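Fold and contact review
The chain contents come next:
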Amino acid sequence: YTKSGREEIAGAFHLCEDVPLATDDDVTSLLYWAQTAFDYMAMGNYPYPSSYMLNGKGKLPAFPMRVACEFMKEESMTDAALVRGLAEAVSVWY
């Protein structure tokens, strides 16, 4: 990952200034964090809005996986658009 690429990723995910994204390992950690959102959304992919998976501290929409995937569904998305789409998709959970 280039420095400008890491900066673009940090911007897409709205990372705080003190969150390190200086190395490839930092980016990998961020991607694992994003993967966790998809893991949990898949477990809570109910056909109705639910707060069950969030322990009552929020509410997932009906079929949260479908909602998340809407942010990345265009075939001709640029790399930058895919990164922004991933950030938006993860925000369905977080």
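Below is a short write-up of the structure. Keep in mind that what you see is a predicted model, and the values were worked out from it rather than measured. (Residues numbered from 1 in each chain as written. Predicted model: local features only at pLDDT ≥ 70, side-chain atom pairs only at ≥ 80, totals over all residues. Heavy atoms only, no water.)

1. Observations regarding the packing of helix 1 (residues 3-12) against helix 4 (residues 79-91)
Quick reminder of the rule: Only the contacting stretch of a helix is used when fitting its axis, a line to C-alpha atoms as for every element, and angles between N-to-C directions run 0 to 180 degrees. Here a helix means four or more residues in a row that DSSP labels H or I, a strand means two or more in a row labelled E, and each is numbered from the N terminus. In this scheme the crossing of two helices becomes right-handed for a clockwise turn of the near helix relative to the far one and left-handed for an anticlockwise turn of less than a right angle. Contacts were defined at the residue level, with two residues in contact if any of their heavy atoms lie within 4.5 Å. Nonpolar residues are Ala, Val, Leu, Ile, Met, Phe, Trp, Tyr, Cys and Pro. Charged residues are Asp, Glu, Lys and Arg, and all others, Gly as well, are polar.
Here helix 1 crosses helix 4 at 35°, and the two axes come no closer than 9 Å. For the crossing formed where helix 1 meets helix 4, the hand is right-handed. In this structure, helix 1 uses E8, I9 and A12 to contact helix 4, whose residues at the interface are A80, V83, R84 and A87. Along the lines of polarity and charge, the residues of the contact of helix 1 with helix 4 split into five nonpolar, no polar and two charged.

2. Looking at the nonpolar core
General note: in soluble globular proteins, nonpolar side chains tend to be found buried as a group. Which entries qualify depends on this criterion: We define a nonpolar core as any set of buried Ala, Val, Leu, Ile, Met, Phe, Trp, Tyr and Cys residues linked to one another through side-chain atoms lying within 4.5 Å. Think of it in three bands: residues with accessible area under 20% of the maximum for their type are buried, residues over 50% are exposed, and the middle band is partly exposed, with areas taken using a 1.4 Å probe on protein chains only.
Ranked by internal contacts, the top residues of the largest apolar core, which has 21 residues, are F13, F38, M41 and W93. Elements supplying a minimum of two residues to this core: helix 1, helix 2 (24-43) and helix 4. Element by element, the count of residues in this core is highest for helix 2, at six residues.

3. What to know about the packing of aromatic side chains
Put simply, the test is: The pairing test for Phe, Tyr and Trp rings, Trp by its six-membered ring, is centres within 6.5 Å, and the orientation test on the planes gives stacked under 30 degrees, edge-to-face over 60, and tilted for anything in between.
Summed over all chains, the structure comprises five aromatic pairs. With a centroid separation of 6.3 Å and 65° between ring planes, the pair formed by F13 and W33 is classed as edge-to-face. Highlighted residues: F13 in the loop between helix 1 and helix 2 and W33 in helix 2, separated in sequence by 20 residues. Overall, F13 belongs to the buried group, its relative accessible area being 13%. According to the relative accessible area criterion, W33 is partly exposed, its value standing at 36%. Seen in terms of ring centroids, W33 and Y94 are 4.2 Å apart; in terms of plane orientation they differ by 5°. Their pairing is stacked. Remark: Y94 occurs in the segment after helix 4 and W33 occurs in helix 2; sequence separation between them is 61 residues. Using a relative accessible area of 43% as the deciding quantity, one classes Y94 as partly exposed.

4. What about the pattern of salt bridges?
The line we're drawing: Within this document, salt bridges are pairs made up of a side-chain nitrogen of Lys or Arg and a carboxyl oxygen of Asp or Glu, the two lying within 4 Å of each other.
For the coordinates displayed, the defined rule picks out two salt bridges. Between E7 and K3 there is a salt bridge, and its shortest N-O distance comes to 3.1 Å. Linking E7 with K3, this pair stays in helix 1, spanning four residues, or about one helical turn. Exposure remark for E7: the relative accessible area of 48% places this residue in the partly exposed category. The salt bridge partner of K73 is E70, with a shortest N-O separation of 2.9 Å. Take E70: its relative accessible area is 47%, and that puts it in the partly exposed class.

Read these as spatial facts, not as claims about activity.
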